[in-house]
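Examination of the molecular architecture
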Amino acid sequence: MSAPSVANAVTEFSNILERLHGSLRDEFCKKVEEIISETAQDEAKEDKILRCIAEKIRQHPNVPVSAVVNTETVIHPSVGEFSDLDPSTVVSLDNFLYEDDDAIDDLCEQGLISRNYCLDCGSHKTAPLNFISHSASLLQLKFVFQHALPDLRGKTLVDVGSRLGVVLYGAYYYSSAKAIIGVEINQQLCSIQNDMIKEFQLDDRVQVLCADVCTKRSLLEKGDVIVLHNVFEFFAAEEVQIKIWKFLREVLQTKGMLLVTVPSLAESLQHLQTDIDLDSWVRQIPLDYTDFVLPNEEDRDQLERICLYEVIG
């Protein structure tokens, strides 16, 4: 069950005020103001720490501007949403490490990236490059853990293909999950994650397993929340993706288990010959993307790619 909507919360608050009179109402309002102030300070602290982690990752000697390490192989999709793009116009730019246009502008000014490419070499005829992020943004993390998911107290969260560990850090600071486990096959990425876990002392709840997810059946079966964020499309050939999805369908059968995916399961599977029947596997839980306050309304499309499912069998 997701958190109540803003409208419901306002109604409940108004009902409480109607039952209070005189000095009791004034005392109640003052207490609410104190709680709001304390909460805002706590959230600002969490955001600040996550931005510190992003800065540390950017400074890590093994993390290039693209955030694709030299032991990774990016495979341009042959099917799906990005298959029609010219690979030479696609640039990896991590939304967690570079969360706004100002950060991208700084990279451009330093000559580390460009926003555009030339349609006719030597001319002024240009078109925008296509930026692709393989990580969740700070806004997506807050939406998932503070809005979409229920209270995770006592629960186990597993992030499949954890790469830089972004979802793990978000789960640590934005949720009360008891165990937060990343599964990542790339040793170099695991090392980067473990560096962050050690530096920010997250090892009381966070763990990274360097392994092929298909060898972690028992872990997945025991997970309460499984996160699949842009996990296979750019890093596995089509036949490998099919194998992994069939494995996940076989293993993720615990009723009530929650799956957080970007993009939707339907979009991930529509061009793959998996024969997976989504209707018999999961029930999609509607998310209210409009009920989440954003500093910039243009960022709402980031949230609309997030999907939540409950396993039904």
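Structure's up top.
Residues numbered from 1 in each chain as written. Predicted model: local features only at pLDDT ≥ 70, side-chain atom pairs only at ≥ 80, totals over all residues. Heavy atoms only, no water.

Quick notes on the overall build of the protein
Looking only at helices and strands, the protein features 11 helices and 11 strands. Over its C-alpha trace the protein gives a radius of gyration of 21 Å, about what one expects of a compact globule, namely 20 Å for 313 residues. Across its three principal axes, the protein shows a C-alpha extent of roughly 75 × 50 × 35 Å. A burial count over the protein gives 45% of its 313 residues as buried. Within the protein, contacts between residues at least 6 apart in sequence are counted, and of these 74% link residues at least 24 apart. For the protein, the separation between the mean place of its 28 positive charges and that of its 51 negative charges on side chains is 7 Å. (Helix = DSSP H or I, 4+ residues; strand = E, 2+ residues; numbered from the N terminus. Rg over C-alpha atoms; globule rule 2.2 N^0.38 Å. Buried < 20%, exposed > 50% of the residue type's maximum accessible area, 1.4 Å probe, protein only. Contact = heavy atoms within 4.5 Å. Lys, Arg positive; Asp, Glu negative; His and termini not counted. Charge placed at Lys NZ, Arg CZ, Asp CG, Glu CD.)

Things to note about the packing of aromatic side chains
In this structure the tally under the stated criterion is 6 aromatic pairs. Judged by centre distance (5.6 Å) and plane angle (20°), the rings of phenylalanine 143 and tyrosine 289 are stacked. Of this pair, phenylalanine 143 sits in helix α4 (residues 138-148) while tyrosine 289 is found in the loop between β10 (282-285) and α11 (300-304), placing the two residues 146 residues apart along the sequence. Judged by its relative accessible area of 17%, tyrosine 289 is buried. Here phenylalanine 143 and phenylalanine 292 contribute two aromatic rings whose centre-to-centre distance is 5.4 Å and whose plane-to-plane angle is 85°, an arrangement assigned as edge-to-face. (Phe/Tyr/Trp six-rings, centres within 6.5 Å; stacked < 30°, edge-to-face > 60°.)

Remarks on the pairing of strand β9 (residues 258-262)
Extensive coverage of β9 is indicated by the burial of 5 of its 5 residues. Here β9 shows no split at all, with Leu258, Val260 and Val262 on one side and Leu259 and Thr261 on the other all buried. Looking at chain direction, strand β8 (residues 225-229) and β9 are connected through 5 bridges and run parallel. Bridge assignment links valine 225 to a residue of β9, and that residue is leucine 258. A crossover links β8 with its parallel partner β9, the connecting element being helix α8 (residues 238-251), and its sense is right-handed. Judged from the 4 bridges that link them, β9 and strand β11 (residues 307-311) form a sheet pairing that is antiparallel. Within the sheet, the bridge partner assigned to leucine 258 lies in β11 and is glutamate 310. (Pairing = 2+ DSSP bridges. Right-handed = clockwise from strand over helix to strand, strands pointing away.)

What to know about the nonpolar core
Of all hydrophobic cores here, the largest spans 59 residues; its most connected members are Phe96 and Phe145. Among the secondary structure elements, those contributing two or more residues to this core are α2 (22-59), α3 (101-109), α4, α5 (166-174), α6 (187-199), β7 (206-210), β8 and β9. Among the elements that make up this core, the one with the highest residue count is α5 (8 residues). Here phenylalanine 96 is in contact with Leu50, Ile53, Ala54, Ile57, Ser135, Ala136, Ser137, Leu138, Leu141 and Val166, once residues within four sequence places are set aside. By size, the runner-up hydrophobic cluster in this structure holds 31 residues, among which are Leu219, Val251, Leu272 and Tyr309. (Core = buried A, V, L, I, M, F, W, Y, C linked by side-chain atoms within 4.5 Å.)

Observations regarding the pattern of salt bridges
It is possible for side chains of opposite charge to pair when their charged atoms get near one another. Throughout the structure, instances matching the rule amount to 11 salt bridges. In this structure, the salt-bridge partner of glutamate 199 is lysine 56, at a minimum N-O distance of 3.2 Å. Of this pair, glutamate 199 sits in helix α6 while lysine 56 sits in helix α2; the two residues are 143 residues apart in sequence, bridging distant segments of the chain. Under the relative-accessibility criterion, lysine 56 is labelled partly exposed at 33%. In this structure, glutamate 310 and arginine 283 form a salt bridge, with 2.7 Å as the shortest nitrogen-oxygen distance. (Salt bridge = Lys/Arg side-chain N within 4 Å of Asp/Glu carboxyl O.)

Quick look at the sheet that holds strand β6 (residues 179-184)
Taken in spatial order, the 7 strands of this open sheet run β7-β6-β5-β8-β9-β11-β10, and their pairing is mixed. On the outer flanks of this sheet lie β7 and β10, each paired with one strand and no other. Sheet twist, expressed as the mean angle between neighbouring strand axes with direction ignored, is 25°. Bridge count for strand β5 (residues 156-160) against β6 is 5 bridges, and the pairing is parallel. Within β6, the residue paired with valine 158 across the bridge is isoleucine 181. Sitting on the sheet, α6 touches β6 and β7, and the angle it makes with β7 is about 165°. (Axes fitted to C-alpha atoms, helices over the stretch in contact; angles between N-to-C directions.)

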